[in-house]
Amino acid sequence: MKKIIALAAIALFTMTSCSDDDSTTTDPVNNDVFVTKVVDNEAGEILTFNYTYEGNKIIKNTFNDGSYEDYSYNSDNKVTGISYYNEGGTLSEQTNFLYTSGQLTSIVSLDQDIGIGAKKTFTHNTDGTIDYEEYTGDLNTQTVLQATGVITITNGNLTEDVSYDGGVVSEATTETWTYTFDNKNNPFKNIASFNEIMLYENEETGYVNTNNVTSLSIDYGTETDNYTVVNTYNSQDYPTVSVETDDNDITSIDTKTYTYN
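In short, a report on the structure.

What counts and how
Residues numbered from 1 in each chain as written. Predicted model: local features only at pLDDT ≥ 70, side-chain atom pairs only at ≥ 80, totals over all residues. Heavy atoms only, no water. Pairing = 2+ DSSP bridges. Helix = DSSP H or I, 4+ residues; strand = E, 2+ residues; numbered from the N terminus. Buried < 20%, exposed > 50% of the residue type's maximum accessible area, 1.4 Å probe, protein only. Contact = heavy atoms within 4.5 Å. Polar contact = N/O pair within 3.5 Å; in protein donor to acceptor, adjacent residues only side chain to side chain.

1. Concerning the pairing of strand 9 (residues 116-124)
Working step 1: Across six bridges, the pairing between strand 8 (residues 103-111) and strand 9 is antiparallel. Counterpart to Val-108 in the pairing with strand 9 is Lys-119.
Working step 2: The turn linking strand 8 back onto strand 9 is made up of four residues, and Gly-115 within it adopts a positive phi angle of 70 degrees.
Working step 3: As paired strands, strand 9 and strand 10 (residues 129-137) are joined by eight bridges and run antiparallel to one another. Counterpart to Thr-121 in the pairing with strand 10 is Glu-133.
Working step 4: Counting the residues between successive antiparallel strands, the hairpin from strand 9 to strand 10 contains four residues, one of them, Gly-128, with a positive phi of roughly 95 degrees.

2. Here we look at the environment of Tyr-73
Working step 1: Inspection of the secondary structure puts Tyr-73 in strand 5 (residues 68-73).
Working step 2: A residue is classified by how much of its surface remains accessible, and Tyr-73, at 19% relative accessible area, is buried.
Working step 3: Taking the C-alpha atoms as reference points, Tyr-73 and Ile-58, 15 residues apart in sequence, are found 9.6 Å from one another.
Working step 4: Discounting residues that sit within four places of it in the chain, Tyr-73 has contacts with Lys-57, Ile-58, Lys-78, Val-79, Thr-80 and Ala-192.
Working step 5: Engagement of the side chain of Tyr-73 in a polar contact is seen with the backbone oxygen of Ile-58, the distance being 2.7 Å.

The following block contains the structure:
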């Protein structure tokens, strides 16, 4: 199983409730709740993620096929690396997080199996937006520009991602991903360094926001895809089940269940 992958639609997020009133205010005291297990059923393919913690830090993530991830941190409890080992225990992928003056400025992902590297750099602007550039290359250097973009973060949530083709593909395109949120608790909001991980997308968390996405609109310039997810919450306003729907055909395409400590 490949774990560290590119962003894939709204299935990467936890979403809104169909049974709770969205006017409910998130309790800021609920900072000791940690998700310990996620079961993701996407079109009949079931993946299970089991998290091991040390305090509020994820130190290991074990998958149902026997593969796993190890997490490493610096002295400021900021995540510095995620190492993915296949079911045979061999290092398959490595993602490194680099910081400048305490801000995340680079993410480098190295696929040991196929010898490909990808790098994403970030520039934090005074208006709160974040510019980024995406590069590809080998395991040593990543210098081929693939795309640029601008991320907008509002109240701890990634609300917009506008990406521009880097010119490598002959037909340059622009994509705009626009998200709306509820005011309840994201399952991963209490983990150490979640603000940094917000800028890193992976299979079961997507971007780690403070709250939960209620809708996603992807504008490709010539067409638009829309997604929604309804979610059932527990008494502490953390989602326990989320069901993603593609608005184009009103079909459930992904269901996630969450277990907490």
